[in-house]
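Close look at the chain arrangement
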Amino acid sequence: MKWNHFKSKLLLKYTLSYISIFLIPLVILTIIIYHNAVNTLRSEIEQTNVNQLTQAKTVIDDRMKELQDIAFRIAYDEQLTRYWTHHPYYSRESIGALVKYKATSSIIDELFLFFRGDDNIYSSQGSENLDVFTGRYKFTTWNKTDMIRDLNNVQSPTIRPAEQVVQGTRIPNSMLAYLVPIAPNNTPAHGTVMYLIHESNLTGLIDSILSDYHGMTYIFDNYGQVLAANYKGEIISEQEVNALFALEPGTHSISLNQEPHSVVSVKSDAGWTYVTAMPSNQFFSRIVHIRTFVVLVFSFMVVMGTFLAIMLARRQYHPISDLMEFIRLKNDPDPSSTTTNELEWIKKTLHDYSQRVDLQEPYARNHILLMLLKHGHTGDFPSEFTDKLGIRFNRSHYFVMIMGWEMHAFPNGDNLEQPTVMQLMNDVELPELSAYAYGVEQPQANQLALIIGFDAKIEHEGSLNARMEPIVEKLQWMVTDHTGGAPAIGIGNQYTYPKQLNQSYIEASTALEASILHGQGSSTYFNDLSGSGIQDSSFWIPKDVLLKLVQSLKQGSYDVAVQMVSTALNTLKSEMPSVPLLRCICFDILNTMLKTASELGIHHVVDQLPRITSYDSLEDLEKKLTGLAAEICAHVEAKSETEESSLMDEIVAYIDANFSDYDLSLGTISSKFTISSSYFSRSFKEKIGMNFTQYIWQKRMDEVIRLLLHTTDPLKDIITRVGYLDTPNFIRKFKKETGYTPGQYRKMHRPNSSADSPDDDDEECIG
């Protein structure tokens, strides 16, 4: 089943992480760039508006100064004196002069000349009575009386705010009145020049200079009165108008009509204030191209960044995905666990494997050491593997010693707790003796083999044996002190290579048999059995060779048996006895092998005597004896496997009959069948496929389910009956296994019952 990437929370987490790592800086950078660009453009636009408004202010100020200059020239124009204007003949020339002065300024709608105390007023239209301001020009708020008073009394140039003026029957126009007193040669003013100016002429100047400006425009006098304004359809309150006048020169952001505006204010030398107010949304519409560009670039970067984030996330997730597929191939995971985090699943799997390795490591270590003892090699296991198991051979000499106990040897009468001894002797360091020992569990109960390595530069046999004695005594003391019972010990010869340990093992086994005959606590060296290498002059085959040959056949060690046959015949070749004596000695070797086969119950090999005894040379005899050794060893191995299988069948049958026993355990079964606990545990798992604890749990589970479905017995009685005293713990394990409590499981298989309803037995047992 393929791992679904689209449902992977871890892949989604990686993708979101990469997107966040990319997007967060991108968003921050984009915001900074956008705000900098907007602020820069805003500053440029506002500065441009300030410059343009300043230019408009300058133009209007120049126009107003131009009007003052016109009034100054009128004051000194001889054609526009009181005498000339009142003269019947020259008055026409005066009117023509006024027409010329009016034409000099583009903002003048009409020009009036008034001589103080007079009843007439002169304009480009001619001489008119003051009633002209109630007829042809009618102001909304400036009545005739106030106007005559202002014309007679104004002492300095004065402008009136724009107001609606009705010109005859025309549509009213918003106009300003600009009054300039005339006083030639610094004499008291004798007249007043009044200009009528369309409001649009002033605001139009501002609009023409501001070009595409679309906001409001105001011109204030020194006192805050609005002289001219262009509202552009927007009306603000008087309070907001006063707020505009009160602003300092420069750019401002204020709210008008509850809408943000960008305001520019400048002041003229004459004291007038020029103000423009543009809605901020109109301002931002002028930078929409920047915003559009930024959005397009940001969108492109987001798309590319998301794509790259997904690619990086998938690349990082790929090895995890492969590992998940490997785990799925090696395990059958719970379907509900597909929604869990893959790293947690991998972590849990590695933890489970680690626990399995921790459980199997002692078995693997013991298996490798057993192979070394039986065959002189560790099989196909590489040195790196043995190093990880803590098995190292870095000493100059090695030998094997085997310890054995009998049941009556212990003070309390119980069997040896071999796991505790194995734990003690598993890996022993003897630094004071420059030695170490590896404990190797034996299939036989109450037996323990030790592979011992030590450093010695002495090559003399006796000196090496002397080096072995304190090591043996130290190990014997450690075990006796721990168990309370002195073991019988057999010690093999020392060798310089680990591959020769199978011979030392055979020798130690032979020595142990002799040591057991001498009683508990005795130690026997194989050298003592073989006569310390002293050869009988009447017997040319060393005794130790025959002893090792017998023991190797008994243990099914073909390699050592073949080596002993070869050693015995090589000795004969070197001695070169007479032919009759040679045949007698060869028959002694054959007799030893046949006797051992008979002791092992292998009687059919006697039928091969005619074939074996008809040899033509020692090489031919060696070949036939080797074949006989192979047959005997193969029979021993097969018998051992059969006995082990039969023993396991017997143990399984015993467990099936007694699984409900409270006291049933690994130790009790090992004691009952006289085998070591570790050997039993390993062999049981090899045969059944699960360990002892799992098997017992499954048997009890099956029995509980059977009793739940076929009896009405109380749950607590059922659980106790199958061998569990901790009822709440059993209920929890049962629910973890099946998804239901025992009570719910029982109700599921009853007619007219619901599995969702609580079970009183469950609650009572748990409570």
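Given the structure is predicted, the values throughout are model-derived calculations rather than measurements.

Our next topic: the overall build of the chain. In terms of helices and strands, the chain carries 26 helices and 18 strands. The contacts in the chain between residues at least 6 apart in sequence include a share of 62% that link residues at least 24 apart. On the chain, roughly 39,900 Å² of surface is accessible, and the fraction owed to carbon and sulfur atoms is 55%.

On the surface, Phe 293, Val 297, Phe 300, Met 301 and Met 304 cluster together to form a nonpolar patch covering roughly 490 Å² of accessible area. Checked against the element boundaries, Phe 300 lands in helix H8 (residues 288-330).

A word on the confidence of the model for the chain. Here the chain shows a mean pLDDT of 79. Residues at 70 or above account for 86%. Below pLDDT 50 for its whole length, residues 335-339 participates in four contacts with residues either more than four positions away or in separate chains.

Here we come to the packing of helix H22 (residues 692-710) against helix H24 (residues 727-738). Put simply, H22 and H24 touch, their axes get as near as 12 Å, and they point 90° apart. The angle between the axes of H22 and H24 places the two elements in the roughly perpendicular class. Listed contacts from H24 to Trp 697, Gln 698, Met 701, Val 704, Ile 705 and Leu 708 of H22 are Phe 730, Lys 733, Phe 734, Glu 737 and Thr 738. Among the residues forming the contact of H22 with H24, the class breakdown is seven nonpolar, two polar and two charged.

With glycine set apart, most residues show a phi of negative sign, and most peptide bonds adopt trans. The phi dihedral of Asn 257 falls on the positive side, at around 55°, and the residue is not glycine. Not every positive phi belongs to a glycine, and Gln 258 is a case in point at roughly 60°. Structurally, the position occupied by Gln 258 is in the loop between strand S10 (250-256) and strand S11 (259-267).

The strands that make up a sheet pair up through hydrogen bonds in the backbone, lying either parallel or antiparallel. Here we have six strands laid out as an open sheet, ordered S14-S15-S16-S13-S17-S18, and mixed in their pairing. The strands lining the two open edges of the sheet, one partner per strand, are strand S14 (427-430) and strand S18 (523-525). Across the sheet, the mean angle separating the axes of adjacent strands is 20° when strand polarity is ignored. Pairing geometry for strand S15 (residues 435-441) and strand S16 (residues 447-454), over seven bridges, is antiparallel. Bridging across to S16, Glu 441 finds its partner in Leu 448. Against the sheet, helix H13 (residues 501-518) touches strand S13 (397-404), S16, strand S17 (488-491) and S18, its axis set at about 35° to S13.

Attention now moves to the side chain of Glu 199. If you trace the backbone, Glu 199 turns up in helix H5 (residues 199-210). Here Glu 199 falls in the buried class, since its relative accessible area comes to 14%. For Glu 199, the contacting residues outside a window of four places in its chain are Ala 162, Ser 174, Met 175, Leu 176, Ala 228 and Ala 229.

All right, on to the pairing of S13 then. Where burial is concerned, most of S13 is hidden: eight out of the eight residues are buried. Both faces of S13 are covered, namely the face carrying His 397, Phe 399, Met 401 and Met 403 and the face carrying Tyr 398, Val 400, Ile 402 and Gly 404. Bridge count for S13 against S16 is eight bridges, and the pairing is antiparallel. Bridged to His 397 within S16 is Phe 454. Across four bridges, the pairing between S13 and S17 is antiparallel. Its bridge partner lying in S17, Ile 402 is registered against Gly 490.

Note on pairing: side chains with opposite charge can pair once their charged atoms come close. Going through the model one piece at a time under the given rule, you end up with 12 salt bridges. The shortest N-O distance in the salt bridge between Lys 554 and Glu 599 comes to 3.8 Å. With Lys 554 in helix H15 (residues 543-555) and Glu 599 in helix H17 (residues 579-599), the pair connects residues that are 45 residues apart, well separated along the chain. On the accessibility criterion, Lys 554 (28% relative accessible area) is partly exposed. A relative accessible area of 49% means that Glu 599 is categorised as partly exposed. Of the charged contacts, one joins Arg 721 and Asp 713 as a salt bridge, the two residues approaching to 2.9 Å between their closest N and O atoms. Taking the relative accessible area as the measure of exposure, Arg 721 reaches 41% and is therefore partly exposed. Here Asp 713 falls in the partly exposed class, since its relative accessible area comes to 23%. Each of Asp 146, Arg 149 and Asp 150 takes part in a single network of salt bridges with overlapping partners.

Before going further, it helps to examine H22. Here H22 spans 27 Å end to end across 19 residues, near enough to the 27 Å set by a 1.5 Å rise per residue. Within the sequence span of H22, burial applies to Phe 692, Tyr 695, Ile 696, Trp 697, Arg 700, Met 701, Glu 703, Val 704, Ile 705, Leu 707 and Leu 708. Tucked into the core, H22 has its buried residues touching helix H19 (618-658), helix H20 (666-672), helix H21 (677-688), helix H23 (715-721), H24 and helix H25 (742-748). Where H22 begins, the capping side chain belongs to Asn 691, and its oxygen is found 3.3 Å from the backbone nitrogen of Thr 693.

Let us now look at the side chain of Ser 552. By the secondary structure assignment, Ser 552 is in helix H15. At 2.8 Å, the side chain of Ser 552 and the backbone oxygen of Leu 549 are in polar contact. Those residues in contact with Ser 552 that sit more than four places away from it in its chain are Ile 506, Ser 557, Val 560, Ala 561 and Cys 633.

Definitions and limits used
Residues numbered from 1 in each chain as written. Predicted model: local features only at pLDDT ≥ 70, side-chain atom pairs only at ≥ 80, totals over all residues. Heavy atoms only, no water. Helix = DSSP H or I, 4+ residues; strand = E, 2+ residues; numbered from the N terminus. Contact = heavy atoms within 4.5 Å. Areas by Shrake-Rupley, 256 points an atom, 1.4 Å probe, with all protein chains shown as cover. Patch = residues over 30% accessible without salt bridge, like charges linked within 9 Å, V, L, I, M, F, W, Y side chains within 5 Å. Salt bridge = Lys/Arg side-chain N within 4 Å of Asp/Glu carboxyl O. pLDDT = per-residue confidence, 0-100. Axes fitted to C-alpha atoms, helices over the stretch in contact; angles between N-to-C directions. Parallel < 35°, antiparallel > 145°, perpendicular 65-115°, else oblique. Nonpolar A, V, L, I, M, F, W, Y, C, P; charged D, E, K, R; others polar. Pairing = 2+ DSSP bridges. Buried < 20%, exposed > 50% of the residue type's maximum accessible area, 1.4 Å probe, protein only. Expected span 1.5 Å × (residues − 1). Polar contact = N/O pair within 3.5 Å; in protein donor to acceptor, adjacent residues only side chain to side chain.

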